[in-house]
Amino acid sequence: MKFISPKTDFAFKKIFGSIHSKNILISFLNAIVYNNQNIIQSLEILNPYNPGVTNTMKETYLDIKAVLDNGYTVIIEMQVLNVEDFEKRVIYNLAKAYGNQLDVGQGYMMLKPFIALTIADFVLFEKIDKMITKFKFKEETELFNYQDELTLMFVELPKFKKELSALETLSDKWIYFIKSAPNLEVIPESLEEVSEIGAALNMANMANLSNEELEELEQQEKLIRDKKGQMSLARKEGEETGIGIGIVKQILRQIRRKFGEIPPEVKTQIEQLSLEKLDILGDEIFDLATIADLENWLANNE
C-alpha cells in the first residue's frame, strides 16, 4: 500500500477539501484550531476540490475555505516552500479575505470573523520550540484581545518529532498523517481508530487514484522538487559569492601591504577570479616580488 503526500496542492485539497471531506475537515480543525476539543460540529466547504482544475504551476497552496457552525470562516493553506515575503503575504491574504465579505452598501455588522491556518513545511519561528502558534490583536501591556475578528495560526511541521508509538492527542495524529503518510506501507491501528484519519488515508491511497490524478500528482511533485533545487542552488551560489568577496578583500589587503597602491585594472582582474584561482593566488602571493610579477600571474591565470 502506498500513500500520496498531503503536502501537494492536489492531495491536500482532495483529502481535506472535497465534497466527501466534511467529517475529515471537522476532525482536523477541532484538533488543530480548537486544541483537541469537539467545538465544530458542522461546516460548509466553499471551494470544494474539483479534479482536473488545480493549478500545477502555483508556488503556494492557498486552497481550502470553509464556514464553520460557530460563525468563523477558516482559510487553510499548505505551504511547502518558504518564498520571499511569505509572512507579509499571509497577513495580506487574511485581511483581503476579511474585507471582501462586504458587498457595496452593506454595513460592518455583516462581517464575520476569519481564521487563517497555515501548515508550513519549514521553520518560521526559530526562537521557540512550540509547533502550533496562534496570533491575535492584543493590547500591548494588558494583553486583552481587540475583538476576535482576525486570527493567524501556524503549524510548523519540522518541529514535530514524535514517532508513531508516541502519538497521544488527536492533533499529534493529524500532524503525523500530514508529515509521514508517504512513508507508511499500511494504515497503522492507532491512526485507523480515528475514523476520519482512516478515511483520509483511504483517500490518500495511491491505488484509489485515477490515471489523470496520478499524472497531476506527478507534475506537482516534480514542480516542488524543481523549486527546492532552484532555492538550494541560489543559497549555495550566495554563500560562494560571500566567501569569494571575503577572500578578494583579504588578498587585496596583502597586495597593498606588499606593493602599495593597486592599479585599477589589476584589482578588477582579481575580483573576477574563481574561488579556486583565488585560493591559489592567496598561497602564491608571497612568492611574487613585484606588481609586474602579479600582472604576469594574472595574465597566465585568466
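A word on the overall build of the chain. Helix and strand counts for the chain come out as 10 helices and 6 strands. Looking at the chain residue by residue over its 302 residues, the buried ones come to 44%. Looking at the chain alone, contacts between residues at least 24 apart form 64% of all its contacts between residues at least 6 apart. Accessible surface, the chain as shown: approximately 17,200 Å² in total, 51% of it carbon and sulfur.

Take the nonpolar core next. Across soluble globular proteins, nonpolar side chains show a tendency to be buried alongside one another. Counting 71 residues, the largest nonpolar core has Phe16, Leu25, Phe28, Leu29, Leu117 and Phe177 as its most contacted members. Non-local contacts of phenylalanine 16, meaning those with residues more than four positions away in its chain, are made with Ser21, Ile24, Leu25, Phe28, Ile45, Ile64, Trp174, Phe177 and Ile178. Counting 18 residues, the second largest nonpolar core, distinct from the first, contains Ile251, Ile255, Ile270 and Ile285.

A few words now on the side chain of threonine 73. Within the fold, threonine 73 resides in strand β3 (residues 73–79). Overall, threonine 73 belongs to the buried group, its relative accessible area being 6%. Contacts of threonine 73, omitting those with residues within four sequence positions, involve Lys65, Ala66, Val67, Pro113, Phe114 and Ile115.

So, about the confidence of the model for the chain. In low-pLDDT segments, the atomic positions of the prediction should not be examined closely. Looking at the chain, the pLDDT average stands at 86 and 89% of residues meet or exceed 70. Confidence over residues 54–62 falls short of pLDDT 50; this stretch has 33 contacts with residues more than four positions distant or in other chains.

A few words on the pattern of salt bridges. Under the defined criterion, the tally for this structure stands at 7 salt bridges. A salt bridge links arginine 89 to glutamate 77; the shortest N-O distance between them is 2.2 Å. Here glutamate 77 lies in strand β3 and arginine 89 lies in helix α3 (residues 86–99), a separation of 12 residues in the sequence. A relative accessible area of 21% places arginine 89 in the partly exposed class. Of the charged contacts, one joins glutamate 156 and lysine 159 as a salt bridge, the two residues approaching to 3.0 Å between their closest N and O atoms. As far as burial versus exposure is concerned, glutamate 156 and lysine 159 are alike and both buried.

Using the criterion set out here, one finds 12 aromatic pairs in the structure. Considering the side-chain rings of phenylalanine 12 and phenylalanine 16, the 5.0 Å spacing of their centres and the 40° angle between planes classify their relative orientation as tilted. With a gap of 4 residues between them, phenylalanine 12 and phenylalanine 16 both fall in helix α1 (residues 9–16), about one helical turn apart. Each ring, one from tyrosine 98 and one from phenylalanine 114, has its centre 6.4 Å from the other, and the planes form 90°; the classification is edge-to-face.

Our focus in this paragraph is unusual backbone geometry. With a phi angle near 70°, asparagine 36 is a residue other than glycine that sits in the positive phi range. You can see asparagine 36 is positioned in the loop between α2 (22–32) and β1 (43–45). Phi is positive for glutamine 147, which is not a glycine, with a value near 60°.

With respect to the helices and strands, glutamate 265 occurs in helix α8 (residues 264–271). Remark: the alpha-carbon pair of glutamate 265 and glutamate 295, spanning 30 residues in sequence, is separated by 9.5 Å.

Right, let's talk about the environment of leucine 29 for a bit. For leucine 29, the location among the structural elements is in helix α2. Its relative accessible area of 1% is what places leucine 29 among the buried residues. Sequence separation of leucine 29 and isoleucine 40 is 11 residues, and the distance between their C-alpha atoms is 7.7 Å. In contact with leucine 29, other than residues within four places in its own chain, are Tyr34, Leu43, Leu68, Val74, Ile76 and Leu117.

This next bit is on α3. Counted at 1.5 Å a residue, the expected span for α3 with its 14 residues is 20 Å, and the 20 Å between its end C-alpha atoms agrees. Buried within α3 are the following residues: Phe86, Val90, Asn93, Leu94, Ala97 and Tyr98. When α3 is viewed along its axis, its buried side chains cluster within an angular range of 130° and face the same direction. Every exposed residue of α3 that faces more than 90 degrees away from the buried side is listed here: Lys88, Ile91 and Tyr92.

What counts as what
Residues numbered from 1 in each chain as written. Predicted model: local features only at pLDDT ≥ 70, side-chain atom pairs only at ≥ 80, totals over all residues. Heavy atoms only, no water. Helix = DSSP H or I, 4+ residues; strand = E, 2+ residues; numbered from the N terminus. Buried < 20%, exposed > 50% of the residue type's maximum accessible area, 1.4 Å probe, protein only. Contact = heavy atoms within 4.5 Å. Areas by Shrake-Rupley, 256 points an atom, 1.4 Å probe, with all protein chains shown as cover. Core = buried A, V, L, I, M, F, W, Y, C linked by side-chain atoms within 4.5 Å. pLDDT = per-residue confidence, 0-100. Salt bridge = Lys/Arg side-chain N within 4 Å of Asp/Glu carboxyl O. Phe/Tyr/Trp six-rings, centres within 6.5 Å; stacked < 30°, edge-to-face > 60°. Expected span 1.5 Å × (residues − 1). Arc of directions from axis to C-beta.

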